[in-house]
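Next come the chains, spelled out residue by residue.
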There are 2 protein chains.
Amino acid sequence: MIKRGLLALCMGLAVGATAQAAEQVDLDMVGKIRQEAFHRSQVMDTFSHLTESIGPRLTNSPAMAEANRWTRGKFNEWGLVNVHDEAFDGFGRGWEFSSASVEMLSERVQPLHALPKAWTPGTHGPVEGELIQVDIKKLADLEKYKGKLRGKILLLGEAREYKRGTEPDSHRHDATSLEGLQEFTIPKSAADDRAKRIKEYGERQELIRATNAFFVEEGALAAISISGWDNGIIRVAGGGSRKAGESVGIPELAMIAEHFNPLVRALKDNQVVRLRVNVDARFTDEADQPGHNTLAEIRGSSKADEIVMLGAHMDSWHTGTGAADNAAGVAVMMEAMRILKAVGAKPKRTIRVALWSGEEQGLIGSQAYVAQHFARYPEPTDPAQKALPASLREPTGALQKLRDYDKFQVYFNMDNGSGRFRGIYAQENMAAMPIFEQWLKPFNDVGATTVVSRNTGSTDHISYDRVGLPGFQFVQDRLDYFSNVHHSHLDTWDHAEAEDLKQAAAIVASFVYNAAMREERFPRKPLLEP
Amino acid sequence: MIKRGLLALCMGLAVGATAQAAEQVDLDMVGKIRQEAFHRSQVMDTFSHLTESIGPRLTNSPAMAEANRWTRGKFNEWGLVNVHDEAFDGFGRGWEFSSASVEMLSERVQPLHALPKAWTPGTHGPVEGELIQVDIKKLADLEKYKGKLRGKILLLGEAREYKRGTEPDSHRHDATSLEGLQEFTIPKSAADDRAKRIKEYGERQELIRATNAFFVEEGALAAISISGWDNGIIRVAGGGSRKAGESVGIPELAMIAEHFNPLVRALKDNQVVRLRVNVDARFTDEADQPGHNTLAEIRGSSKADEIVMLGAHMDSWHTGTGAADNAAGVAVMMEAMRILKAVGAKPKRTIRVALWSGEEQGLIGSQAYVAQHFARYPEPTDPAQKALPASLREPTGALQKLRDYDKFQVYFNMDNGSGRFRGIYAQENMAAMPIFEQWLKPFNDVGATTVVSRNTGSTDHISYDRVGLPGFQFVQDRLDYFSNVHHSHLDTWDHAEAEDLKQAAAIVASFVYNAAMREERFPRKPLLEP
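Labelled according to an unreviewed UniProt entry, chain A appears under the name Carboxypeptidase Q, originating from Stenotrophomonas capsici. Its UniProt record, at the heading Subunit (unreviewed entry), says of chain A: "Homodimer. The monomeric form is inactive while the homodimer is active."

Caption draft 1: Quick look at the sheet that holds strand S7 (residues 222–226) of chain A. Residue and element names in this part refer to chain A. Overall, mixed pairing links the eight strands, which are arranged S3-S2-S9-S5-S6-S7-S8-S4 in an open sheet. Since the sheet does not close on itself, it has two edges, and those belong to strand S3 (110–112) and strand S4 (114–116), each with one partner. Averaged over neighbouring strand pairs, the angle between their axes works out to 35° when direction is ignored. With three bridges connecting them, strand S6 (residues 152–156) and S7 associate as parallel partners. Note that in S7 the partner of Leu155 across the bridge is Ile224. Contacts between helix H7 (residues 257–268) and the sheet are confined to strand S2 (95–106), S3, strand S5 (127–134), S6, S7, strand S8 (252–255) and strand S9 (274–283), with S5 contributing the most and set at about 75° to the helix.

Caption draft 2: The arrangement of the pattern of salt bridges in detail. Going through the model one piece at a time under the given rule, you end up with 76 salt bridges over all chains. The salt bridge partner of Asp477 of chain A is Arg422 of chain A, with a shortest N-O separation of 3.1 Å. Note that Asp477 of chain A is positioned in the loop between strand S18 (471–476) and helix H13 (481–485) and Arg422 of chain A in strand S16 (residues 421–425), a separation of 55 residues in sequence. For Asp477 of chain A, a relative accessible area of 1% corresponds to the buried category. By relative accessible area, Arg422 of chain A is classed as buried at 13%. By sharing partners, the salt bridges in this structure join Arg164 of chain A together with Arg172, Arg420, Arg422, Asp477, Asp480, Glu497 and Asp500 of chain B into a single network.

Caption draft 3: Focus on the relation of the copies chain B and chain A. The transformation that overlays chain B on chain A combines an axial shift of 0.0 Å with a rotation of 180°, and the residual RMSD is 0.0 Å. Taken together, the turn and the small shift mark the pair as related by a two-fold rotation axis. When C-alpha distances to the rotation axis are compared across chain B, the minimum falls at Pro168 of chain B, with a value of 2.0 Å. Of the residues that chain B buries at the interface, 100% are likewise interface residues in chain A, meaning the two copies contact each other through the same surface.

Caption draft 4: Representation of the packing of aromatic side chains in the model. With the rule as written, the count across this model stands at 56 aromatic pairs over all chains. The rings of Phe412, Phe421, Phe436, Trp439, Phe472, Phe474, Phe511 and Phe522 of chain A are connected pair by pair, giving a single aromatic cluster. Over the aromatic face of Phe283 of chain A sits the side chain of Arg93 of chain A, whose NZ or CZ is 4.1 Å from the ring centroid. Positioned above the aromatic ring of Trp493 of chain A, the side-chain terminus of Arg265 of chain B is 3.6 Å from the ring centre.

Caption draft 5: Examining the pairing of S16 of chain A more closely. Residue and element names in this part refer to chain A. Within S16, five of the five residues are buried, leaving the element largely enclosed by the surrounding structure. Here S16 pairs with S18 via three bridges, running antiparallel. Looking at the pairing, Phe421 lines up with Gln476 of S18. One ladder, built from three bridges, connects S16 with strand S17 (residues 450–452); its direction is parallel. The partner of Ile424 across the bridge, within S17, is Val451. Traced from S16 through helix H11 (residues 432–440) to S17, the parallel crossover comes out right-handed.

Caption draft 6: Inspection of the interface of chain B and chain A at higher detail. Taken together, the contacts link 47 residues of chain B with 47 residues of chain A. Of the roughly 3700 Å² buried at the junction of chain B and chain A (both faces included), carbon and sulfur atoms supply 47%. Broken down residue by residue, the surface that chain B buries against chain A is led by Arg108, Arg164 and Asp494 of chain B, which jointly contribute 18%. Residue Arg265 of chain B pairs with Asp494 of chain A through a salt bridge whose shortest N-O separation is 3.0 Å. Run the count over chain B and chain A and you get 28 residue pairs in polar contact (both at pLDDT 80 or more). In terms of residue count, the dominant contributor to the side of chain B that touches chain A is helix H7 (residues 257–268) of chain B (six residues). Considering only residue class, the side of chain B that touches chain A consists of 15 nonpolar, 20 polar and twelve charged.

Caption draft 7: Geometry of helix H4 (residues 62–77) of chain B. Residue and element names in this part refer to chain B. With 16 residues, H4 extends 22 Å between its outermost C-alpha atoms, agreeing within 8% with the 22 Å of an ideal straight helix rising 1.5 Å per residue. Listed as buried for H4 are Ala63, Met64, Ala67, Asn68, Trp70, Thr71, Lys74 and Phe75. In this structure, the buried residues of H4 make contact with helix H3 (43–54), strand S1 (81–92), strand S10 (289–298), helix H8 (323–342) and strand S12 (349–356). Gly79 occupies a position one or two residues after H4 and carries a positive phi of about 85°.

Caption draft 8: Summary view of the environment of Asp28 of chain A. Tracing the backbone through its elements, the reader meets Asp28 of chain A in helix H2 (residues 27–39). Separated by 416 residues in sequence, Asp28 of chain A and Asn444 of chain A place their C-alpha atoms 16 Å apart.

Caption draft 9: Broad picture of the sheet that holds strand S7 (residues 222–226) of chain B. Residue and element names in this part refer to chain B. Pairing in this open sheet of eight strands is mixed, and the strands run S3-S2-S9-S5-S6-S7-S8-S4 from one edge to the other. On the outer flanks of this sheet lie strand S3 (110–112) and strand S4 (114–116), each paired with one strand and no other. Sheet twist, expressed as the mean angle between neighbouring strand axes with direction ignored, is 35°. Here S4 pairs with strand S8 (residues 252–255) via three bridges, running antiparallel. Bridging across to S8, Leu115 finds its partner in Ala254. Across the sheet, H7 is in contact with strand S2 (95–106), S3, strand S5 (127–134), strand S6 (152–156), S7, S8 and strand S9 (274–283); its angle to S5 comes to roughly 75°.

Caption draft 10: Spatial organisation of the pairing of S2 of chain B. All names here are of chain B. Taking burial as the measure, the twelve residues of S2 include nine buried ones, the bulk of the element. Relative to S9, S2 is paired through ten bridges, and the arrangement is antiparallel. Bridging from a neighbouring strand, Glu96 pairs with Arg282 of S9. Where S2 lies against S3, three bridges are found, and the strand directions are antiparallel. Across the sheet, residue Val102 finds its bridge partner in S3, namely Leu112. Linking S2 to S3, which pair antiparallel, is a turn of three residues.

Caption draft 11: Inspection of the packing of H2 of chain A against helix H8 (residues 323–342) of chain A at higher detail. All names here are of chain A. In contact at an axis separation of 9 Å, H2 and H8 are set at 120° when each is read in the N-to-C sense. In terms of their interaxial angle, H2 and H8 are classed as oblique. Along this stretch, H2 crosses H8, giving a crossing that reads as right-handed. Residues Ile33, Glu36 and Ala37 of H2 touch H8, and the partners they reach there are Arg338, Ile339, Leu340 and Ala342. In terms of residue class, the contact of H2 with H8 is made up of five nonpolar, no polar and two charged.

Caption draft 12: Region of the structure containing the confidence of the model for chain A. All names here are of chain A. Looking at chain A, the pLDDT average stands at 94 and 95% of residues meet or exceed 70. For the stretch residues 1–20, pLDDT sits under 50, and the model shows twelve contacts to residues farther than four places along the chain or on other chains. The ipTM value of the predicted complex is 0.94, and its pTM value is 0.94.

The rules behind these values
- Residues numbered from 1 in each chain as written.
- Chains lettered and ligands numbered in written order.
- Predicted model: local features only at pLDDT ≥ 70, side-chain atom pairs only at ≥ 80, totals over all residues.
- Heavy atoms only, no water.
- UniProt positions renumbered as here; feature names shortened; annotations may be inferred.
- Pairing = 2+ DSSP bridges.
- Helix = DSSP H or I, 4+ residues; strand = E, 2+ residues; numbered from the N terminus.
- Axes fitted to C-alpha atoms, helices over the stretch in contact; angles between N-to-C directions.
- Contact = heavy atoms within 4.5 Å.
- Salt bridge = Lys/Arg side-chain N within 4 Å of Asp/Glu carboxyl O.
- Buried < 20%, exposed > 50% of the residue type's maximum accessible area, 1.4 Å probe, protein only.
- Least-squares fit on C-alpha atoms with pLDDT ≥ 70 in both.
- Phe/Tyr/Trp six-rings, centres within 6.5 Å; stacked < 30°, edge-to-face > 60°.
- Lys NZ or Arg CZ within 6 Å of the ring centre and 35° of its normal.
- Right-handed = clockwise from strand over helix to strand, strands pointing away.
- Buried area = accessible area lost by both parts, 1.4 Å probe.
- Polar contact = N/O pair within 3.5 Å; in protein donor to acceptor, adjacent residues only side chain to side chain.
- Nonpolar A, V, L, I, M, F, W, Y, C, P; charged D, E, K, R; others polar.
- Expected span 1.5 Å × (residues − 1).
- Parallel < 35°, antiparallel > 145°, perpendicular 65-115°, else oblique.
- Left-handed = near helix turned anticlockwise from the far one by under 90°.
- pLDDT = per-residue confidence, 0-100.

Below you can see the structure in the form of structure tokens.
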């Protein structure tokens, strides 16, 4: 590791050397964008409607369909064109829940706080049973529970020791933490890791399928897991199965650690614990259904067939209202489009916004969109690869480029919570860095200053990046994204801040406008072919 | 404010000047106490039983009676004498709850997280109604809601903006924060404040009574308040009334801020919000009942009629399991007594432990005990004073000292959560400071180092202090007491740490032993007569 000071010096030189052709930025237009974004913002109206009127938007749920419908309406209202949904195949069934309760009935009476995993069945009215602890880590573990689970409620896994918070819940970047992002970590060879990961993924999927079927066969009533976080937060994603024809298992809930751990201790103490569980949940389709992304455009003028994109995933998990993850991103991207229309922007290139679905299940919507419009790798023949979500697959064979591949410019994504933009990850695209430096300048005064070379992952820009198309995410203030809200029942309106979303919308609007207007094609980094 | 360095110097001189007569500490006995406390501890067994087998212990609830019964059993098992409960008059009725649920039915469906206020009635099955916002700050506000509340569910008060956590959840003292405690703040004249406080208290009580009766008359179904804290934590105490013959009002629940605030916004947005509320709660007595403290002793030898006391309140609020507040204190005080028996301590003076009830409603149990055994002020004649809980009353007339007043030595209390002891508040008893310095020395190595002159309040040692008897509380690491657990549904086993409770028990056992053995009577500070 080289010293910070030296690194900063080297970076300074590098930027100096490549910044000869200064990037043209239409500051008049940026000024208009800022005014509209800061003084006539509608971003909170959008954010509020998505979170509090529509609520959580699990992929393929009725609420997600309503979100597709409502956002199309807003895009039409704002005068965007080519407003439509695009389907992606075979996602699975929709699911929603209305209520969930768990009560301890013995050895004393207490309400316990738990919420269901998505895609697990309801209880069809209250069920009562004795609690039994079950710890299944591999297929062979199932055998020892044979004949023992009928009429029982299952406590899955072990207690987890409470972790004290040693950092503030909420974090905003300062100069030091931003500087820390400037360091690039050269990756180790990933081949071994990858093979191991794929093997483990396959084994885990097999274990889940077998366990679901086993619990149903054995006649267990319901199962309870520990929430992913402490402090009364329910952090939970999916269980069961979204695929028609697969076993959905039994009703399963995630319980706050403060209520789960005492149950473990009571069983260890040989107490007879009886619970009542009542989950009102339902699959909203009989058969697998396609998922739907929502698209809309501002049509370009002289280079209308060249495409600049911006997007965010609109689907969410189900226990909060999908606010930071990711109504924030959707509201910002929609607001950027609204702003561009409001200021009368006439971009040379077409600006297209995408509101993705299926992101939480593995970037499925954006992956499918890129494969349909820009480029794809051949379908794998290896069954282990075939079983993986497309985003986890090893590229097999040469990339198949579609007609729009060369027309594509750049994609900007937002999905790191609702915090203020502090810069952008250049995703190892070194030629993009001086451009972003210039584009960020008019937003230095609202805290967005920093272009870093490193990659960031885990969301929809990766669907572009893996086929060699420029896809980017912004550096954001973390706020309490990873302490309170990510995938939790607290992912709600109140944890976001209007000023941050206004700032983000201004920057996105400006970036996509700049990308739609610049002389040259947006630079691409070399594609790492398999 | 004088500079820290100068203050430290002054304190050093002061201690030097008064520490001539070195305090005798039986280090052989302290060593035995440490061994028993650290290597054969039972404090977590006691703590676990109180929190997880008995559960929350609201004053006069069946669980509190069970706690009285069980702790008497343990005291007898350990060979303590004079094990008994002592009643204090007219506390009120017992109350408990089994379950609570709130569901939003329109304009969309969502389960909301709320728990009932103690001493409010249940709903006797689910009730459904339209939500209406009600803001009552004074008696005159009732009028405007007349005729408007029948069949409605009431949303009490306003939304509260989310406060970001800027400090870590959990805090332990370091040298700097301990040094900060050394500064004594000379009080302003409190007379005006006191009169104002009493007036406000009376007005608040009157408003609560009138509002309870009004909501019942008007036929409202239930009421919902915002929890005292953010981040999904339900922080709630009592509502309704514990007094037979007073209106208990309507079912009332505290809801997490993340679910309450959206309801406020929905109503402001003119949405029609329907809720279903179901609270299973009940008063467990028809008429007011006395409360009960549990007492036990190790009988002294040569000075058996002189009394050293230790204690903690056993009653708790109802939504957690009363762990940090205050099974921790009870377990530590009980463990101190067990240790003293286990090491074969033969104190000259009698050591008496008290497990108080009614603390959460205003130090009622300890106040009554002190009035019955040691000293009391004349009953006030002023109706405003009479209406106050005894702990808030202005002393009226000269203190009436009972027989044991002069025999009493000192009382030690624990009620600042479950965190490690870092020292002791000398409560302005300057003569006690050098004694405590000496007593703490053998525990410097486990982090208890600091004697500070300042007062600390809000718990049962105040019942002694206000009649001029030495009563003390320890300086403790705060942990997450005031961020997560105090009066909240997260006040549970997992937020405590065994090592801290073991350390506290060793220190308390040693302190009370030292107090029971020292030559002279424990020094008293001058009583501030009214």
